[in-house]
Amino acid sequence: MTGKITALDLASGELSDATKAYFAKCEEKLGLVPNVLKAYAFDDKKLRAFTDMYNDLMLGDSSLSKLEREMIAVAVSSINHCYYCLTAHGAAVRQLSGDPALGEMMVMNFRAADLSPKQTAMLEFAVKLTEEPAKIVEADRMALRQAGFSDRDIWDIASTAAFFNMSNRVAAAIDMRPNDEYHAMAR
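These lines cover the structure that appears in this document, whether it is placed above or below.

Cut-offs used in this document
Residues numbered from 1 in each chain as written. Predicted model: local features only at pLDDT ≥ 70, side-chain atom pairs only at ≥ 80, totals over all residues. Heavy atoms only, no water. Helix = DSSP H or I, 4+ residues; strand = E, 2+ residues; numbered from the N terminus. Rg over C-alpha atoms; globule rule 2.2 N^0.38 Å. Buried < 20%, exposed > 50% of the residue type's maximum accessible area, 1.4 Å probe, protein only. Contact = heavy atoms within 4.5 Å. Areas by Shrake-Rupley, 256 points an atom, 1.4 Å probe, with all protein chains shown as cover. Lys, Arg positive; Asp, Glu negative; His and termini not counted. Charge placed at Lys NZ, Arg CZ, Asp CG, Glu CD. Arc of directions from axis to C-beta. Polar contact = N/O pair within 3.5 Å; in protein donor to acceptor, adjacent residues only side chain to side chain. Expected span 1.5 Å × (residues − 1). Axes fitted to C-alpha atoms, helices over the stretch in contact; angles between N-to-C directions. Parallel < 35°, antiparallel > 145°, perpendicular 65-115°, else oblique. Left-handed = near helix turned anticlockwise from the far one by under 90°. Nonpolar A, V, L, I, M, F, W, Y, C, P; charged D, E, K, R; others polar. Core = buried A, V, L, I, M, F, W, Y, C linked by side-chain atoms within 4.5 Å. Patch = residues over 30% accessible without salt bridge, like charges linked within 9 Å, V, L, I, M, F, W, Y side chains within 5 Å. Salt bridge = Lys/Arg side-chain N within 4 Å of Asp/Glu carboxyl O.

The subject of this paragraph is the overall build of the protein chain. Each helix and strand in the protein chain was counted, giving nine helices and zero strands. Going from the N terminus to the C terminus, the protein chain shows its helices and strands as α-α-α-α-α-α-α-α-α. Relative to the compact-globule value of 16 Å for 187 residues, the protein chain shows a C-alpha radius of gyration of 17 Å, a close match. Considered along the principal axes of its C-alpha atoms, the protein chain spans approximately 50 × 35 × 30 Å. Every one of the 187 residues in the protein chain was classed for burial, and the buried ones make up 45%. In the protein chain, of all internal contacts separated by at least 6 residues, the share reaching a separation of at least 24 is 65%. Of the accessible surface of the protein chain, which amounts to about 9,700 Å², a share of 56% is contributed by carbon and sulfur atoms. On the protein chain, the mean spot of the 21 positive side-chain charges and the mean spot of the 26 negative ones are 2 Å from each other.

To continue, consider helix α6 (residues 100-108). All buried positions along α6 are accounted for by L102, G103, M106 and V107. Each buried residue of α6 lies within a common arc of 135° when the element is viewed along its axis, so the set occupies one face. In the core, the buried residues of α6 are packed alongside α4 (66-80), α5 (83-97) and α7 (117-131). Measuring from the backbone nitrogen of A101 back to the side-chain oxygen at the start of α6 gives 3.0 Å, which picks out D99 as the cap.

Another point: helix α9 (residues 151-174). For the α-helix, the turn length of 3.6 residues means that residues three or four positions removed from each other point alike. Here α9 is 24 residues long and its end C-alpha atoms lie 35 Å apart, about the 34 Å a rise of 1.5 Å per residue gives. Two residues or fewer past α9, D175 is found with a positive phi of approximately 55°.

Okay, the packing of α7 against helix α8 (residues 138-147) next. Remark: α7 packs on α8, axes separated minimally by 9 Å, with the N-to-C direction vectors making an angle of 160°. As far as their axial angle goes, α8 and α7 are roughly antiparallel. As α7 runs across α8, the sense of the crossing is left-handed. Listed contacts from α8 to K118, A121, M122, F125 and K128 of α7 are D140, R141, L144 and A147. Counted by class, the contact of α7 with α8 contains five nonpolar, no polar and four charged residues.

Turning to the nonpolar core, a few remarks are in order. With 55 residues, the main nonpolar core has L37, I72, Y84, M106 and L123 as its most contacted residues. Among the elements that take part in this core, α9 stands out by supplying seven residues, more than any other. When sequence neighbours within four positions are dropped, the list of residues in contact with I72 reads L64, M122, L123, A126, I157, T160 and A161.

Our focus in this paragraph is the packing of α4 against α9. Describing two packed helices takes the angle between their axes plus the distance from one axis to the other. Following both chains from N to C, one finds α4 and α9 inclined at 45°, their axes separated by 9 Å at the closest point. As far as their axial angle goes, α9 and α4 are oblique. Viewed along their axes, α4 and α9 form a crossing whose handedness is right-handed. Contacts from R69, I72, A73, V76, S77 and N80 of α4 reach α9 at I157, T160, A161, F164, N165, N168 and R169.

Turning to a nonpolar patch on the surface, a few remarks are in order. Where nonpolar side chains cluster on the molecular surface, the patch consists of L8, L10 and F42 and spans about 250 Å² of accessible area. Its location among the elements puts L8 in the segment before α1 (17-30). Exposure remark for L8: the relative accessible area of 40% places this residue in the partly exposed category.

Here it is as structure tokens:
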């Protein structure tokens, strides 16, 4: 698959001016346009739906920190063995935490990392939601409340975990490849 972003042969569609501006902002802020965005570029409507949801969950108003949201992305992606998301969001954990070792531990096994009890509870919930969603019960939500999370926080944790479960499955189905630049970031 050398040089390809996905295993599918989907030609890039006509991008709206808003999407072109978004890609330019990515270039400016990140130095690249993430391959996940290029993969969705065959359909501007699907791309906008994906980016709107991503931006709301990962950058929007929440009492969860950006690092905590990235940690959820990595914990979920680790369970799902999502190469794309582990590479891209592992780099984000390294960058946001300033700790390359934390990024690697999160990718391999978050339980090896020196996390707060609150962060551990958050990630245990995200993992259970990934592995056994039908077994989430009130005791699981209560454990998050006892760790210090509000009901709104529980919504944000669940929504972030669910989004990355969806993204991981799409990435696996189409063999989405991360940008090479992610491998060297924050090392």
